[in-house]
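Analysis of the macromolecular model
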Amino acid sequence: MNSILSDRILNMEESATLAMAKKARELKSQGIDIIGLSLGEPDFKTPKHIQEAAKAAIDEGKYFSYPPVAGYQDLREAIAKKLREENNISEAKAENIVVSTGAKHSIANTFMCLINEGDEVVIFSPYWVSYAEIIKLAGGVPVLIEGTLENNFKATAEQLEAALTDKTKAIIYSSPCNPTGSVFSQSELEAIAEVVKKRENLVVIADEIYELINFTGKNFSIASLPGMFERTITVNGFSKGYAMTGWRVGYICAPLAIAKAVEKIQGQFTSGGTGIAQRAALAGIAGDQQPSKDMADAYFKRRAIVLELLQEIPGIKTHIPEGAFYFFPDVTAFFGKSAHGHTVKDADDLCLYLLDIANVSLVTGAAFGAPNCVRLSYAASEEELVEAMKRIKKALGELA
Ligand code: PMP
Ligand code: GLU
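Attention here is on the structure that accompanies the text. Remember, predicted model here, so these are calculated numbers, not experimental data.

To continue, consider the site of ligand 2. Surveying the vicinity of ligand 2 reveals the residues Ser15, Thr17, Leu18, Leu39, Gly40, Lys104, Trp128, Asn178, Lys240, Tyr326 and Arg375. Between ligand 2 and Trp128 there is a distance of 3.2 Å, counted from an oxygen atom to a side-chain nitrogen or oxygen. Between ligand 2 and the protein, one listed contact pairs a nitrogen atom with a side-chain N or O atom of Lys240 at 3.2 Å. Contact with the protein chains removes 88% of the 280 Å² of surface that ligand 2 exposes when unbound. Across the shell around ligand 2, the residue classes tally to four nonpolar, four polar and three charged.

Attention shifts here to unusual backbone geometry. Along the chain, Ser175 connects to Pro176 via a cis peptide bond; the corresponding omega equals -10°. Among the structural elements, Pro176 can be located in the loop between strand E5 (168-174) and helix H8 (186-197).

For the pair helix H5 (residues 103-114) and helix H6 (residues 130-137), interaxial distance at closest approach is 9 Å and the crossing angle is 35°. For the crossing formed where H5 meets H6, the hand is right-handed. Of H6, the residues touching H5 (which contributes Lys104, Ile107, Ala108, Phe111 and Met112) are Ser130, Tyr131, Ile134, Ile135 and Leu137. A per-class count over the contact of H5 with H6 returns eight nonpolar, one polar and one charged.

Another aspect to go through is a nonpolar patch on the surface. A surface patch of nonpolar side chains, amounting to about 760 Å² of accessible area, comprises Ile4, Leu5, Ile9, Leu10, Met12, Met112, Leu137 and Phe269. Mapping Met112 onto the fold places it in helix H5. The partly exposed category is assigned to Met112, whose relative accessible area is 32%.

This brings us to the site of ligand 1. Of all residues adjacent to ligand 1, which total 13 residues, the nearest are Ala103, Asn178, Asp207, Tyr210 and Ser239. One of the side-chain N or O atoms of Asn178 is found 2.6 Å from an oxygen atom in ligand 1. One nitrogen or oxygen atom from the side chain of Ser239 is found 2.7 Å from an oxygen atom belonging to ligand 1. Its free accessible area being 390 Å², ligand 1 has 94% of it covered by the protein chains. Most atoms of ligand 1, that is more than half of them, are within 2 Å of grid points of the second largest pocket. Looking at side-chain class alone, the shell around ligand 1 contains five nonpolar, four polar and four charged residues.

Tallied over the entire structure, the rule returns 16 aromatic pairs. For the pair Tyr63 and Tyr72, a centre-to-centre distance of 5.3 Å together with 80° between the ring planes defines the contact as edge-to-face. For Tyr63, a relative accessible area of 13% gives the class buried. Here the aromatic rings of Phe153 and Phe328 are separated by 5.4 Å at their centres, their planes lie at 75°, and the arrangement is edge-to-face. Taken together, the positions of Phe153 in the loop between strand E4 (141-146) and helix H7 (157-163) and Phe328 in the loop between strand E9 (326-327) and strand E10 (337-339) put the pair 175 residues apart, joining distant regions of the chain. Here the aromatic cluster, defined as three or more aromatic residues joined through ring pairs, consists of Phe44, Tyr210, Tyr299, Phe325 and Tyr326. Lying over the aromatic face of Tyr72, Arg279 brings its terminal NZ or CZ to 5.1 Å of the ring centre.

Cut-offs used in this document
Residues numbered from 1 in each chain as written. Chains lettered and ligands numbered in written order. Predicted model: local features only at pLDDT ≥ 70, side-chain atom pairs only at ≥ 80, totals over all residues. Heavy atoms only, no water. Near = heavy atom within 4 Å. Polar contact = N/O pair within 3.5 Å; in protein donor to acceptor, adjacent residues only side chain to side chain. Areas by Shrake-Rupley, 256 points an atom, 1.4 Å probe, with all protein chains shown as cover. Nonpolar A, V, L, I, M, F, W, Y, C, P; charged D, E, K, R; others polar. Helix = DSSP H or I, 4+ residues; strand = E, 2+ residues; numbered from the N terminus. Axes fitted to C-alpha atoms, helices over the stretch in contact; angles between N-to-C directions. Left-handed = near helix turned anticlockwise from the far one by under 90°. Contact = heavy atoms within 4.5 Å. Patch = residues over 30% accessible without salt bridge, like charges linked within 9 Å, V, L, I, M, F, W, Y side chains within 5 Å. Salt bridge = Lys/Arg side-chain N within 4 Å of Asp/Glu carboxyl O. Buried < 20%, exposed > 50% of the residue type's maximum accessible area, 1.4 Å probe, protein only. 1 Å grid on protein atoms, 1.4 Å probe; cavity = no way out; pocket = protein on both sides within 12 Å on 5 of 7 lines; lining within 4 Å. Sits in = over half its atoms within 2 Å of the grid points. Phe/Tyr/Trp six-rings, centres within 6.5 Å; stacked < 30°, edge-to-face > 60°. Lys NZ or Arg CZ within 6 Å of the ring centre and 35° of its normal.

What follows is the structure in structure tokens.
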């Protein structure tokens, strides 16, 4: 019998980040002392005032029914205000905001609304694992433009221009970037915007989910540039900056026609995002920002610790990430080497080797479009990071 499953799902790759996290969890449950540095997930608890807001919302008893599909009005207004005041996106209004069940859902909604069969989407690579699979699911064709270690993994406006064809519908990047931690400067985004504005019917999807974990001190939103509001879907959410991965709240800010389309698709697929989680998110965005700043300070400190330890490992080549909580070192020096019955042909093998021998989980760069690299998430305690780096150094040192 042919598979009962659709070609759509058979042609889709599993999320490598979640797959590695699942594997690490399974090994842990067998009693193996795994240090998980594979999942991009804050190790902090959601700030107390956000937890309290959720409890209060339950006690109020007003948020148990279907919420409005695009999100509660006061949350949409608070998001629009934040985008106007902090991101200088002066045109942002509540009507441009659609709240969804996580930024991943926002991105999926957006591509479903933009892409016709065969449309191309240019992805700045290395890129977050889910972009390409969502684009393909929507019938689109991902076109990668590649940044290299030498230019901090940032593909350029010139590369973008060269990749555009009559079929290009959208471009997407994350800044700060998952997996590289790189941050686009204002001038780099201005150059990208100039290329985009030369074309009709070309939009930017700017994934700013790591904006609160940015060590450059300067956040810049491409939608704030002249003429770019009408061409940009700004994606953001609460998972990273507010340590709210499990609450599942994300949003877009988009030109009205796109926001309406996203509301329409969400109305058919999932309805509005969870009511209580939206009340928590409102407390996050409108309340005390100090806990988010404290978490960013902790990541900054951990970055220094991991950087120093990584630089002590012969063969590892890394740049210094400017945001998010990832290192993305080049590990080609270990390809072709063997130890403990493992032969490391590529980054996938290296991750399996480190999982087996060092009991540390990382994610292969291949999943992010960069097969020479691995991704290490430093959203873990300092003790875990120091121990993980010790184990990694030892295991890599045994490869010959
Ligand atoms: N974009 C990027 C770049 C991410 O790393 C993630 C990871 N969670 C998401 C979007 C999705 O976030 P969430 O669905 O948890 O809001
Ligand atoms: N975005 C995180 C990561 O890259 C969480 C897992 C996922 O949603 O892919 O690890």
